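Below, each chain spelled out in residue letters.
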Amino acid sequence: YKWSIEKEQEDSPREIMKDLYRNACIARDEMMPVCQDTGTAVVFVEIGQEVHISGGLLTNAINDGVEKGYLDGYLRKSIVSHPFRRTNTGTNTPAVIHLDLVEGDGLSLTVAPKGGGSENMSRLLMLPPSAGKIGFMDFVVETVRLAGPNPCPPVVVGACAGGNFETCALEAKRALLRPMGTPSADPDAAEMEQTLLSRINELGIGPQGFGGQTTAFAVHVEIRPCHLASMPVAVNLNCHVARHVTIRL
């Protein structure tokens, strides 16, 4: 936030960035939600292959924890039980749970509440392989341009090229968990991240869509193997707060 405040040249975006920073500080100090949209509870679980869960299902325990957290914390419940009938579950469950089996005897849970505004602006496209790197990068920039102010910029951009229909979208979301601004270990992806960040900030959407130098805080790119006839690409946008926390047991 502080870096972006100093970067902004006009009064309006600079003041908006100051407000966003003050809001984040108040939320931290007062232990209050940084936004009224407390999101879908997305939980990434890494479970060691030597771990044995007893006393019930792990997924049930996670959902029980989400329910307790949202009720006790007076957080907004945003989950409806049916996409057409739209009846609120009243508990913010079920959570979206992704399980990965890893080596060892540990258990790691990363909880990432995902707001609806940024999620709604995310996209997946099956590009032809001939689109190449340029097609992928153009798709990422176009996604942010079309999103405009809706995902509450400055955004964090998670992007993936490769995988298949479902894994590409998942890896784009997983990219948002990377510490903000940490470059990819893949040199080609790291170079694309810097180029994409510059191109996105040149769009001039700015803080909360009022114009300015900071449309995105960071771009995180993931590359995955894919079928020779396919090139899936996905972008998952996150708002400026990019909430997530990891607990290891």
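This report concerns the structure included in the present document. (Residues numbered from 1 in each chain as written. Predicted model: local features only at pLDDT ≥ 70, side-chain atom pairs only at ≥ 80, totals over all residues. Heavy atoms only, no water.)

1. Side note on the environment of Ile223
- Here Ile223 is to be found in strand β6 (residues 216–226).
- Owing to a relative accessible area of 35%, Ile223 belongs among the partly exposed residues under this scheme.
- For Ile223 and Gly163, which are 60 residues apart along the polypeptide, the C-alpha to C-alpha distance reads 8.0 Å.
- Once residues within four sequence positions are removed from consideration, Ile223 is found in contact with Ala161, Ala189 and Met192. (Helix = DSSP H or I, 4+ residues; strand = E, 2+ residues; numbered from the N terminus. Buried < 20%, exposed > 50% of the residue type's maximum accessible area, 1.4 Å probe, protein only. Contact = heavy atoms within 4.5 Å.)

2. Quick notes on the sheet that holds strand β4 (residues 123–127)
- Here four strands make up an open sheet; going across it, the order is β4-β7-β5-β6 and the pairing mixed. Across the chains shown, the open sheet's two edge strands, defined by having one partner strand only, are β4 and β6. For this sheet the average axis-to-axis angle between neighbouring strands, irrespective of direction, equals 15°.
- Bridge count for strand β5 (residues 155–163) against strand β7 (residues 231–238) is six bridges, and the pairing is antiparallel. Among the inter-strand pairings, Gly158 is bridged to a residue of β7, identified as Asn236. (Pairing = 2+ DSSP bridges. Axes fitted to C-alpha atoms, helices over the stretch in contact; angles between N-to-C directions.)

3. A word on the nonpolar core
- By size, the foremost hydrophobic cluster in this structure holds 25 residues, and its most contacted members are Phe136, Val140, Val157, Ile200 and Val221.
- Of all the secondary structure elements, the ones that give two or more residues to this core are α5 (132–147), β5, α7 (187–201), β6 and β7.
- Looking at this core, the element that brings in the most residues is α5, giving seven residues.
- When sequence neighbours within four positions are dropped, the list of residues in contact with Val140 reads Val157, Ala159, Leu196, Ile200 and Val235.
- Of all hydrophobic cores here, the second largest spans 11 residues; its members include Val45, Ile62, Tyr70 and Ala95. (Core = buried A, V, L, I, M, F, W, Y, C linked by side-chain atoms within 4.5 Å.)

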